[in-house]
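Close look at the chain arrangement
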Amino acid sequence: MSSVADKFKLPARYGTGEASVWVEYVRLAAESKPPVNLGQGFPDYHAPAHVTKALSEISSNDNPLTHQYTRGYGHPKLVQNLSKVYSPLIGREIDPINEILVTYGAYEALYAAILGHVDHGDEVIVIEPFFDCYDVMIKSAGGVPRFTALRLQQPNKSGGEVTSADWVLDEQELASLFNDKTKMIILNTPHNPLGKVFNMKELEFIANLCKKHNVVCISDEVYEWMVYEPKQHIRIATLPGMWERTITVGSAGKTFSVTGWKTGWAYAPANLMKNLLIVHQNCVYTCCTPIQEAIASSFEYELARRDSPDCYLRSLARELLPKRDFLVKTLRENGFNPTVPEAGYFIVADWTGLANKIDLSSEKDKYKDYRFTKKFAKEAGVLTIPPTAFYSEPHKHLGENFARFCFIKKDENLALAEKLMKEWNAKKK
Ligand code: PMP
Ligand code: GLN
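No experiment lies behind these values; they were computed from the predicted model shown.

Thresholds applied
- Residues numbered from 1 in each chain as written.
- Chains lettered and ligands numbered in written order.
- Predicted model: local features only at pLDDT ≥ 70, side-chain atom pairs only at ≥ 80, totals over all residues.
- Heavy atoms only, no water.
- Phe/Tyr/Trp six-rings, centres within 6.5 Å; stacked < 30°, edge-to-face > 60°.
- Helix = DSSP H or I, 4+ residues; strand = E, 2+ residues; numbered from the N terminus.
- Buried < 20%, exposed > 50% of the residue type's maximum accessible area, 1.4 Å probe, protein only.
- Pairing = 2+ DSSP bridges.
- Axes fitted to C-alpha atoms, helices over the stretch in contact; angles between N-to-C directions.
- Contact = heavy atoms within 4.5 Å.
- Near = heavy atom within 4 Å.
- Polar contact = N/O pair within 3.5 Å; in protein donor to acceptor, adjacent residues only side chain to side chain.
- Nonpolar A, V, L, I, M, F, W, Y, C, P; charged D, E, K, R; others polar.
- Core = buried A, V, L, I, M, F, W, Y, C linked by side-chain atoms within 4.5 Å.
- Lys, Arg positive; Asp, Glu negative; His and termini not counted.
- Salt bridge = Lys/Arg side-chain N within 4 Å of Asp/Glu carboxyl O.

Points about the packing of aromatic side chains
- Counted by the stated rule, this structure contains 21 aromatic pairs.
- Pairing Trp-265 with Phe-299 gives two aromatic rings, centres 5.7 Å apart and planes at 65°, and the pair type is edge-to-face. Of the two residues, Trp-265 is situated in strand S11 (residues 264-267) and Phe-299 in helix H11 (residues 289-304); the sequence distance between them amounts to 34 residues. One exposure class covers both Trp-265 and Phe-299, and it is buried.
- Judged by centre distance (5.2 Å) and plane angle (75°), the rings of Phe-376 and Trp-424 are edge-to-face. Here Phe-376 is found in helix H13 (residues 368-380), whereas its partner Trp-424 is found in helix H14 (residues 411-427), with 48 residues between them in sequence. Neither Phe-376 nor Trp-424 differs from the other in exposure class; each is buried.
- An aromatic cluster is defined as three or more aromatic residues linked by ring pairs; in this entry it consists of Trp-22, Tyr-107, Phe-130, Phe-131, Tyr-134, Phe-147 and Phe-390.

Next up, the structure:
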């Protein structure tokens, strides 16, 4: 008879079973309590008042049904509002019943899309750096991830300033990955961690490959409302012939700055959605009713002021821009070389200018960025995320010289980060 250890070992489809970067760094933050946590991406301040008010009103209303199960594929009021938000942006009427699924965060939308479409041996193309769960989800579906990395082009701007547009696709390499086994490509625009907003030329290149090889595109667009002017977010589903083969993913956590509400969605034509509905109905079945009701009311509120600059879907980027600029400046003044993001709320910064000031030999991690982020958190008191978590094993070296900083934080905490970095630098002179 096999031993307990053998019989109950982790199924190989989940890899070696190491804690994800989020589990590890959230634990690190809880244990070591760094004075400033710029690691995991969440705001450390309140969501818009009407959003939290919507939830508190639900908790005291006199309709008992808002506390019971709702429609499995999405609370009716929420899918209707999602249809109202996205139909004009996609340029077609999205059917709230058959073309939208509400999920337990964008995570579950990705999970349902990947598990619902990827079969044993199917290949899925992933652009690195990538949101780390894509890889595990593909493998747990029996699929084979194929990677191509964004490359940092030497910017020709004066002063060597790098922006996320300087991280570019290797078009030839991307095209070479498509073959008969390719089922899917996962696109993430605006991009985590780089803040890259894929431009029309890049999206057309991807779209043409998808059409040529009959491939479905999952477009993870959770940072869609945080794009800094003059950059504009383009939804790949709006390109000719792409609605038919795109599953777009969004997140209420990102949209309304309530990451703890863990509600997301996917929208796509009914024939593609069907597979996601099957996965969802058999693992989650239905998401939290009061949260869905509150998100629906929040969208209703924003739709009523859609054209006003106060609409949160427009004002969020304006609110974040000075924070981005402050952190970029702070990083430059303290020896980092940041990539200025065109979207999202992360900055990836090259720390190798500080290599002679920090002794990483006490840290035991395999990759330098893990050693740097841990030692920097201990010495400077600022916690960040190691970007090698966003690369496949053979390409991890591409992320080792960087650290990811989150800037959706109170101004006072960003100011504290500046003070701590300055003090750390002064000590190292
Ligand atoms: N995709 C990307 C690119 C993300 O950064 C995140 C984290 N918000 C998710 C998906 C998951 O989002 P959620 O918190 O809604 O599950
Ligand atoms: N998307 C967020 C980030 O990149 C949160 C990730 C997570 O909690 N898994 O920081």
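Some remarks on the sheet that holds strand S10 (residues 246-251)
- If you trace the seven strands from one edge of the open sheet to the other, you get S2-S11-S10-S9-S8-S3-S4, paired in mixed fashion. Pairing within the sheet leaves two strands with one partner each, and these edge strands are strand S2 (100-103) and strand S4 (144-149). Each strand axis lies, on average, 20° off the axis of its neighbour in the sheet, ignoring direction.
- Taken strand by strand, helix H10 (residues 270-283) contacts S2, strand S9 (216-220), S10 and S11, and its axis lies near 30° from that of S2.

Some thoughts on the site of ligand 2
- Around ligand 2, the neighbouring residues are Trp-22, Gln-40, Gly-41, Tyr-107, Phe-131, Asn-192, Tyr-223, Lys-254, Phe-346 and Arg-404.
- In this structure, an oxygen atom belonging to ligand 2 sits 2.7 Å away from a side-chain N or O atom of Gln-40.
- Residue Tyr-223 places a side-chain N or O atom 3.4 Å away from a nitrogen atom belonging to ligand 2.
- Within the shell around ligand 2, the residues separate by chemical class into five nonpolar, three polar and two charged.

Brief notes about the sheet that holds strand S6 (residues 162-163)
- If you trace the four strands from one edge of the open sheet to the other, you get S6-S12-S13-S15, paired in mixed fashion. Two strands close off the open sheet at either side, each with one partner strand: S6 and strand S15 (402-406).
- Pairing geometry for strand S12 (residues 337-340) and strand S13 (residues 346-350), over three bridges, is antiparallel. The residue bridging Pro-338 from the neighbouring strand is Ala-349, located in S13.

Notes on the nonpolar core
- Core analysis: the biggest nonpolar cluster contains 108 residues, and Phe-336 and Phe-405 have the highest contact counts within it.
- With eight residues, helix H12 (residues 312-333) is the largest single contributor of residues to this core.
- In this view, Phe-405 contacts Leu-38, Leu-327, Leu-331, Phe-336, Tyr-345, Phe-346, Ile-347, Ala-349, Val-382, Thr-384 and Met-421; residues no more than four positions away in its chain are not counted.
- Counting 28 residues, the second largest nonpolar core, distinct from the first, contains Ala-149, Leu-187, Phe-198 and Val-348.

A word on the side chain of Asp-132
- Within the element layout of this structure, Asp-132 appears in the loop between strand S3 (123-128) and helix H6 (133-140).
- Within the buried set, Asp-132 has no salt-bridge partner at all; the shortest N-O distance to an opposite charge, 7.9 Å, is to Arg-404.
- In terms of polar contacts, Asp-132 uses its side chain to reach the side chain of Trp-22, at 2.8 Å.
- Contact partners of Asp-132, with chain neighbours within four places excluded, come to Ser-20, Val-21, Trp-22, Tyr-107, Ala-389 and Phe-390.

Bear in mind that shape data such as this cannot, by itself, settle questions of function.
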